[in-house]
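# Coordinate inspection notes
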Amino acid sequence: MNKRQLLQTFLSASALSFGLAAGAQTMTPIKFQLDWRFEGPAALFLHPAAKGYFKAAGLDVAVDAGNGSGGTVTRVASGAYDMGFADMAALMEFHANNPDAPNKPIAVMMVYNNTPASVMALKKSGITKPADLTGKKLGAPVFDAGRRAFPIFAKANNIGAVQWTTMDPALRETMLMRGDIDAITGFTFTSLLNLEARGAKAADVVVLPYPDYGVKLYGNAIVVSPKLLKENPAAVKAFLAAFAKGMKEVIASPAVAIESVKARDGIIDSKLETRRLQLAIDTVINTPDARAEGFGNVNAGRMALMASQVSDAFNTKTRVSPDAVWNGTMLPTAAELNVLKK
């Protein structure tokens, strides 16, 4: 090889090296916080990550487990995370109680069109309908979304005073099984399967889902830091499009999607978490309301009503402004959002 050939080889290698480095630099890092542990619904985000959909969109997404929607909202607000998955009511509460906070997260895509919150009791308690809860002892962690929104549920169903018992999330279903409390609030796809794991049969559990009893609250949405939304809206759009692509596959084949959760937490029961994911899809994602409004979207009137209900039920410092908590301009095209089974 002569000097000219050596020089050309060197220049080609240098150009390739520079191109790879430049390509690496174009990847936008996104720190994403889930609302809960690596359980079935985490597949909604872990599947597109595992399939490389975020990377193909120019994003380097790191998905971390969470410990409640309130924590997720706070961490995105603090700048520790760029985006997250959180309950809409928790986001509204943060906005209304922290009107002067400089970095209040904004919801950009609705995922759980209906709240997963419900009241659950054992049939032997005699509880069969909301009115039966009057005077009963209910239990839930103090931050539980169903407990926080219970005043809305109670008002819609004329429920009288109840007595609350507070416990750690890990003890909620155990205390119900022991008879320490009459009923619990929680996400249906979490507590129902936890009760089964503690020996209850599904037929022995009474489930009173909030959406079925006049409470049309939205559930979890993808939230984003206003800093990221302002400085790099293209990254937010790319994230949502990649998420929607993965979402379609998760809905079509939950068992396959659970493999991505298993890869992050090897001790999960894949069969149980597949059931949990399917239950979430059936009860809060692929619902009549979601199909009517379109996946990812919200109804302005319904959002305004929820803002008013949360302001009253949570006794917030200021009234919730629906326009301040929601921005639907980053959503993918209608074709990309066509992920729900009819």
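Please refer to the structure higher up on the page.
Let us look at the structure shown here. A quick note: this is a predicted structure, and the numbers were derived from the prediction, not measured.

Let us look at the layout of surface pockets. Which parts of space are left empty comes out when a probe the size of a water molecule is rolled across the atoms. Taken as a whole, the largest pocket encloses approximately 580 Å³ of empty space. Lining of the largest pocket is provided by 37 residues; of these, Asp35, Gly68, Ser69, Ala145 and Phe187 occupy positions nearest its centre. Elements with a minimum of two residues in the lining of the largest pocket: α4 (69-78), β3 (83-87), α5 (88-97), α6 (145-148), β8 (183-187) and α9 (188-197). Its residues assigned to classes, the lining of the largest pocket comprises 19 nonpolar, 9 polar and 9 charged.

Before going further, it helps to examine the pattern of salt bridges. Tallying each qualifying case throughout the model produces 13 salt bridges. Linking arginine 148 and glutamate 93 is a salt bridge whose minimum nitrogen-to-oxygen distance equals 2.6 Å. Taken as a pair, arginine 148 in helix α6 and glutamate 93 in helix α5 lie far apart in primary sequence, 55 residues in all. In this structure, the salt-bridge partner of arginine 319 is aspartate 312, at a minimum N-O distance of 2.6 Å. The exposure class of aspartate 312 is partly exposed, given its relative accessible area of 48%. One connected set of salt bridges, linked through shared partners, spans Arg37, Glu39, Glu273 and Arg276.

Let us now look at the environment of proline 102. On the secondary structure map, proline 102 appears in the loop between α5 and β4 (106-110). A relative accessible area of 83% places proline 102 in the exposed class. Distance in space between the C-alpha atoms of proline 102 and proline 226 is 9.1 Å, their sequence separation being 124 residues.

Moving on to the sheet that holds strand β9 (residues 205-209). Each strand in a sheet pairs with its neighbour through backbone hydrogen bonds, running either in the same direction (parallel) or in the opposite one (antiparallel). Spatial strand order, β7-β6-β8-β5-β9: 5 strands in an open sheet with mixed pairing. What marks the edges here is a single partner per strand, and that holds for β7 (163-165) and β9. Taking each pair of neighbouring strands and ignoring which way they run, the sheet shows an average axis angle of 30°. Sitting on the sheet, α9 is in contact with β5 (117-122), β8 and β9, with an inclination near 125° to β8.

Now for the packing of aromatic side chains. Applying the stated criterion across every chain yields a total of 12 aromatic pairs. With centroids separated by 5.9 Å and ring planes inclined at 45°, the aromatic side chains of phenylalanine 150 and phenylalanine 153 adopt a geometry described as tilted. Separated by 3 residues within a single helix, phenylalanine 150 and phenylalanine 153 lie in helix α7 (residues 150-156), roughly one turn from each other. Judged on exposure class, the residue phenylalanine 150 and its partner phenylalanine 153 are both buried. Among the aromatic residues, those joined into a ring-pair cluster are Phe32, Phe45, Phe54, Phe85, Tyr112, Phe187, Phe189, Phe239 and Phe243. A cation over an aromatic ring shows up here: arginine 148 above the ring of phenylalanine 314, its NZ or CZ 4.5 Å from the ring centre. Note that arginine 302 overlies the ring of tyrosine 218, its terminal NZ or CZ placed 3.8 Å from the centroid.

It is worth spelling out the side chain of arginine 302 at this point. Within the secondary structure, arginine 302 is located in helix α15 (residues 300-313). In this structure the side chain of arginine 302 is engaged in a polar contact, spanning 2.5 Å, whose partner is the backbone oxygen of asparagine 113. Here the side chain of arginine 302 touches glutamate 293 through a polar contact of 2.9 Å, side chain to side chain. Other than its neighbours up to four places away in sequence, arginine 302 contacts Asn113, Asn114, Lys216, Leu217, Tyr218, Asp289 and Glu293.

Pairing is mixed in the open sheet, where 5 strands are placed in the order β2-β1-β3-β10-β4. If you trace the sheet from one side to the other, it starts and ends with β2 (59-64) and β4, each paired once. Taken over all neighbouring pairs, the strand axes of this sheet differ in orientation by 30° on average, direction set aside. As judged from the 4 bridges shared by β4 and strand β10 (residues 220-224), these two strands associate in the antiparallel manner. Within β10, the position partnered with alanine 107 by the bridge is valine 223.

Glancing now at the packing of α4 against α5. Running from N to C, α4 and α5 cross one another at 50°; their axes reach a closest spacing of 9 Å. Considered as vectors, α4 and α5 are oriented oblique to each other. Seen along the crossing, α4 lies across α5 with a hand that is right-handed. Between α4, through Ser69, Gly70, Val73, Thr74 and Ala77, and α5, the contact on the second element is made entirely by Ala90, Leu91 and Phe94. Here the residues of the contact of α4 with α5 sort into 5 nonpolar, 3 polar and no charged.

Across 6 bridges, the pairing between strand β1 (residues 28-33) and β2 is parallel. When the bridges of β2 are listed, glutamine 33 appears paired with aspartate 64. Summarising the sheet, β1 and β3 pair through 2 bridges and their orientation is parallel. If you follow phenylalanine 32 over to β3, its bridge partner there is methionine 83.

Rules used throughout
- Residues numbered from 1 in each chain as written.
- Predicted model: local features only at pLDDT ≥ 70, side-chain atom pairs only at ≥ 80, totals over all residues.
- Heavy atoms only, no water.
- 1 Å grid on protein atoms, 1.4 Å probe; cavity = no way out; pocket = protein on both sides within 12 Å on 5 of 7 lines; lining within 4 Å.
- Points joined across faces, edges and corners; volume = space filled by probe spheres on them.
- Helix = DSSP H or I, 4+ residues; strand = E, 2+ residues; numbered from the N terminus.
- Nonpolar A, V, L, I, M, F, W, Y, C, P; charged D, E, K, R; others polar.
- Salt bridge = Lys/Arg side-chain N within 4 Å of Asp/Glu carboxyl O.
- Buried < 20%, exposed > 50% of the residue type's maximum accessible area, 1.4 Å probe, protein only.
- Pairing = 2+ DSSP bridges.
- Axes fitted to C-alpha atoms, helices over the stretch in contact; angles between N-to-C directions.
- Contact = heavy atoms within 4.5 Å.
- Phe/Tyr/Trp six-rings, centres within 6.5 Å; stacked < 30°, edge-to-face > 60°.
- Lys NZ or Arg CZ within 6 Å of the ring centre and 35° of its normal.
- Polar contact = N/O pair within 3.5 Å; in protein donor to acceptor, adjacent residues only side chain to side chain.
- Parallel < 35°, antiparallel > 145°, perpendicular 65-115°, else oblique.
- Left-handed = near helix turned anticlockwise from the far one by under 90°.

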